[in-house]
Amino acid sequence: MTTTTGATGAATARADGAPAPRVLLYSDDATVRAAVRAAVGPRLRAHAPEIVWHEVATATEVVARADAGGWDLLVLDGEADKVGGMGLCRQLKNEIYRCPPVLVLTGRAQDGWLASWSLADDAVPRPLDPLILQKSVAALLG
């Protein structure tokens, strides 16, 4: 299952001419993906281009899409069934040259040390706090 939401990267650019941010969002749970998109919102700030969200529900799809490149940020669900986002993050960081920043969603605040093992650039615990999640995404997208 793959879903793309937001503006198309080719059609939308920031005022400085850079393309709209492209985010690969992985979770096997559609409600988690919807909660992330709702918490972050369609844009990082007023008058910014819409974020282009590309949702995937399997680890195989994450690896294929990440390997193809073109992402500004990967958001991985650390609690996904079968293949969790933390192990997947470590694999991507070790296998993809110039891997984009990775944000891992952890099951609880105490799992932050696992996120550091995974080589994640940042981690946000559940329950998701929209302000913390949006701040993390904005910081990682620069």
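Definitions and cut-offs
Residues numbered from 1 in each chain as written. Predicted model: local features only at pLDDT ≥ 70, side-chain atom pairs only at ≥ 80, totals over all residues. Heavy atoms only, no water. Helix = DSSP H or I, 4+ residues; strand = E, 2+ residues; numbered from the N terminus. Buried < 20%, exposed > 50% of the residue type's maximum accessible area, 1.4 Å probe, protein only. Contact = heavy atoms within 4.5 Å. Areas by Shrake-Rupley, 256 points an atom, 1.4 Å probe, with all protein chains shown as cover. Pairing = 2+ DSSP bridges. Right-handed = clockwise from strand over helix to strand, strands pointing away. Axes fitted to C-alpha atoms, helices over the stretch in contact; angles between N-to-C directions. Parallel < 35°, antiparallel > 145°, perpendicular 65-115°, else oblique. Nonpolar A, V, L, I, M, F, W, Y, C, P; charged D, E, K, R; others polar. Arc of directions from axis to C-beta. Core = buried A, V, L, I, M, F, W, Y, C linked by side-chain atoms within 4.5 Å.

**Student:** What should I look at first to understand the overall build of the protein chain in this one?
**Tutor:** Counting its secondary structure elements, the protein chain contains five helices and six strands. Each helix and strand of the protein chain, placed in order from N terminus to C terminus, yields the pattern β-β-α-β-α-β-α-β-α-β-α. By the burial criterion, 43% of the 142 residues in the protein chain qualify as buried. Long-range pairs, those at least 24 residues apart, make up 67% of the contacts in the protein chain between residues at least 6 apart in sequence. Carbon together with sulfur atoms contributes 54% to the accessible area of the protein chain, which is approximately 7300 Å² in total.

**Student:** Got a minute to help me understand the environment of L73 in this structure?
**Tutor:** One can find L73 in strand β4 (residues 73-77). For the pair formed by L73 and C99, sequence separation is 26 residues and the distance between their alpha carbons is 9.1 Å. Excluding residues within four positions of it along the chain, L73 makes contact with R22, V23, L24, P100, P101, V102, L103, V137, L140 and L141.

**Student:** Explanation requested: the pairing of strand β5 (residues 102-106) in the structure shown.
**Tutor:** Regular strands have side chains that alternate between both faces of the sheet. Counting buried positions along β5 yields five of five residues, so the element is predominantly enclosed. Neither face of β5 is left uncovered, since the one carrying V102, V104 and T106 and the one carrying L103 and L105 both have all their residues buried. Taken together, the four bridges between β4 and β5 define a ladder with parallel strand orientation. If you follow D77 over to β5, its bridge partner there is L105. Handedness of the crossover is the feature at issue here: the chain leaves β4, passes through helix α3 (residues 85-95), returns alongside β5, and the resulting connection is right-handed. A crossover links β5 with its parallel partner strand β6 (residues 122-125), the connecting element being helix α4 (residues 112-117), and its sense is right-handed.

**Student:** When you look at the packing of helix α1 (residues 30-40) against helix α5 (residues 130-141) in this model, what are you seeing that I'm missing?
**Tutor:** Axes are the key here: two packed helices are described by the angle between their axes and the distance separating the axes. Between α1 and α5, the least distance of the axes is 8 Å, while the angle of their chain directions is 80 degrees. Relative to α5, the element α1 lies roughly perpendicular. On the side of α1, the interface is formed by V36, A39 and V40, while α5 contributes P130, L133, Q134 and V137. Classifying every residue of the contact of α1 with α5 by side-chain character gives six nonpolar, one polar and no charged.

**Student:** Whenever I open this one, α3 confuses me. Can you help?
**Tutor:** Each full turn of the α-helix corresponds to 3.6 residues, which orients residues three or four apart in the same direction. Those residues of α3 that fall on the buried side of the exposure criterion are G85, M86, L88, C89 and L92. End-on, the buried residues of α3 take up no more than an arc of 160 degrees, which puts them together on one face. Summarising the geometry of α3, the exposed residues directed more than 90 degrees from the buried face are N94 and E95.

**Student:** In this structure, what is going on with the nonpolar core? I would like to understand it.
**Tutor:** Side chains of nonpolar character tend, in soluble globular proteins, to be buried together. Ranked by size, the top nonpolar core spans 20 residues in total, and within it Y26, V62, L74, L76, L92 and V102 carry the most contacts. Mapped by element, the contributors of at least two residues to this core are β2 (22-26), α2 (59-68), β4, α3 and β5. Broken down by element, this core gets its largest block of residues, four residues, from α3. In contact with L76, other than residues within four places in its own chain, are Y26, V62, G85, L88, C89, L92, V102, L103, V104 and L105.

**Student:** Quick question: what am I supposed to make of the pairing of β6 here?
**Tutor:** Here β5 runs beside β6; their pairing, made up of four bridges, is parallel. Counterpart to V104 in the pairing with β6 is A123.

**Student:** Can you walk me through the environment of T58 in this structure?
**Tutor:** Counting through the fold element by element, T58 comes out in the loop between β3 (52-56) and α2. Taking the C-alpha atoms as reference points, T58 and A80, 22 residues apart in sequence, are found 9.0 Å from one another.

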